[in-house]
Amino acid sequence: MSELLTISETARRSGVASSALRYYEERGLISAAEREGSGHHRRYPRPVLRRIAFIVFAQKVGLSLDEIAVELAKLPPHGAPKRKDWSRLSATWRGRIDEQIAELERLKEGLTECIGCGCLSLDRCKLANPGDRAAHFGSGPRYWLGDPRPSQPGSVTKG
């Protein structure tokens, strides 16, 4: 088994398009080995697959490519990073994931409360926002963003 993979082999094994691999390389997130032989084609060392998996997962968590570059710079430049390396890098993600889960929960509540009624008119909604009380919080879907709802006489609050 070759220690170097072609770009098409790397794309197939990683599930990432060749164009994305070129872009990651351009951004300095991954690097190809020396381009030698027929046509000077890109050849990637096998450990690049772990770096690509890290990039894909980090993007799903919400890290930007700039943030990913900072994290990858903390890894050894050559060879395959160890489990403890990945564990150290991902340790700070728990809070970020918890925030995303909370945001999704708020969106889920909004689906049944606001979108479910069909009006989508928070400035006129007599149920969730009588008198446009949410306007003082700022623009946008304030209750979905987590601003507290004032208690309303006769309303049922969720506990």
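The notes below deal with the structure included here. If you're wondering where the values come from, they're calculated on a predicted model, not measured in any experiment.

### Considering the overall build of the chain
Turning to step 1, where the next piece is worked out: Helix and strand counts for the chain come out as six helices and two strands.
Turning to step 2, where the next piece is worked out: Helices and strands in the chain line up, N terminus first, as β-α-α-β-α-α-α-α.
Turning to step 3, where the next piece is worked out: Within the span of the chain, comprising 159 residues, buried residues form 26% of the whole.
Turning to step 4, where the next piece is worked out: The long-range fraction of contacts in the chain, counting pairs at least 24 apart against all pairs at least 6 apart in sequence, stands at 51%.
Turning to step 5, where the next piece is worked out: Of the roughly 10700 Å² that the chain leaves accessible, carbon and sulfur atoms contribute 55%.

### Brief notes about the environment of Val48
Turning to step 1, where the next piece is worked out: Relative to the helices and strands, Val48 is located in helix α3 (residues 48-61).
Turning to step 2, where the next piece is worked out: For Val48, a relative accessible area of 3% corresponds to the buried category.
Turning to step 3, where the next piece is worked out: Residues Val48 and Leu5 lie 43 residues apart in sequence; the distance between their C-alpha atoms is 9.3 Å.
Turning to step 4, where the next piece is worked out: If we skip the residues at most four places from it in the chain, Val48 touches Thr10 and Ile30.

### Quick word on the packing of aromatic side chains
Ring pairs (aromatic) are described by centroid distance and by the angle formed between their planes.
Turning to step 1, where the next piece is worked out: Overall, the coordinates contain three aromatic pairs when judged by the stated rule.
Turning to step 2, where the next piece is worked out: Ring centres of Phe57 and Trp93 lie 5.5 Å apart, and the angle between their planes is 25 degrees; this geometry places the pair in the stacked category. Taken as a pair, Phe57 in helix α3 and Trp93 in helix α6 (residues 93-115) lie far apart in primary sequence, 36 residues in all.

### Notes on the nonpolar core
In summary, soluble globular proteins display a tendency toward joint burial of nonpolar side chains.
Turning to step 1, where the next piece is worked out: Counting 22 residues, the largest nonpolar core has Leu21, Tyr24, Ile30, Phe54, Ile55, Ile68 and Leu72 as its most contacted members.
Turning to step 2, where the next piece is worked out: Broken down by secondary-structure element, the contributors of at least two residues to this core are α1 (7-14), α2 (18-26), α3, α4 (65-72) and α5 (83-90).
Turning to step 3, where the next piece is worked out: Leave out the neighbours within four places in its chain, and Phe54 touches Ile68, Glu71, Leu72, Trp86, Leu89 and Trp93.

### Looking at the side chain of Glu25
Turning to step 1, where the next piece is worked out: Mapped onto the secondary structure, Glu25 falls in helix α2.
Turning to step 2, where the next piece is worked out: Classification of Glu25 as buried rests on a relative accessible area of 19%.
Turning to step 3, where the next piece is worked out: At 2.8 Å, the side chain of Glu25 forms a polar contact with the side chain of Tyr44.

### Examining the pattern of salt bridges
Pairing between side chains of opposite charge can happen when the charged atoms of each approach one another.
Turning to step 1, where the next piece is worked out: One pass over the full model with this rule turns up five salt bridges.
Turning to step 2, where the next piece is worked out: Residue Glu25 pairs with Arg42 through a salt bridge whose shortest N-O separation is 2.8 Å. Residue Glu25 is found in helix α2, and its partner Arg42 is found in the loop between α2 and β2 (43-45); the two are separated by 17 residues along the sequence.
Turning to step 3, where the next piece is worked out: Residue Arg96 is joined to Glu67 by a salt bridge in which the shortest nitrogen-to-oxygen separation is 3.3 Å. You can see Arg96 sitting in helix α6 and its partner Glu67 sitting in helix α4, a full 29 residues away along the chain.

Each value, and the rule that gives it
Residues numbered from 1 in each chain as written. Predicted model: local features only at pLDDT ≥ 70, side-chain atom pairs only at ≥ 80, totals over all residues. Heavy atoms only, no water. Helix = DSSP H or I, 4+ residues; strand = E, 2+ residues; numbered from the N terminus. Buried < 20%, exposed > 50% of the residue type's maximum accessible area, 1.4 Å probe, protein only. Contact = heavy atoms within 4.5 Å. Areas by Shrake-Rupley, 256 points an atom, 1.4 Å probe, with all protein chains shown as cover. Phe/Tyr/Trp six-rings, centres within 6.5 Å; stacked < 30°, edge-to-face > 60°. Core = buried A, V, L, I, M, F, W, Y, C linked by side-chain atoms within 4.5 Å. Polar contact = N/O pair within 3.5 Å; in protein donor to acceptor, adjacent residues only side chain to side chain. Salt bridge = Lys/Arg side-chain N within 4 Å of Asp/Glu carboxyl O.

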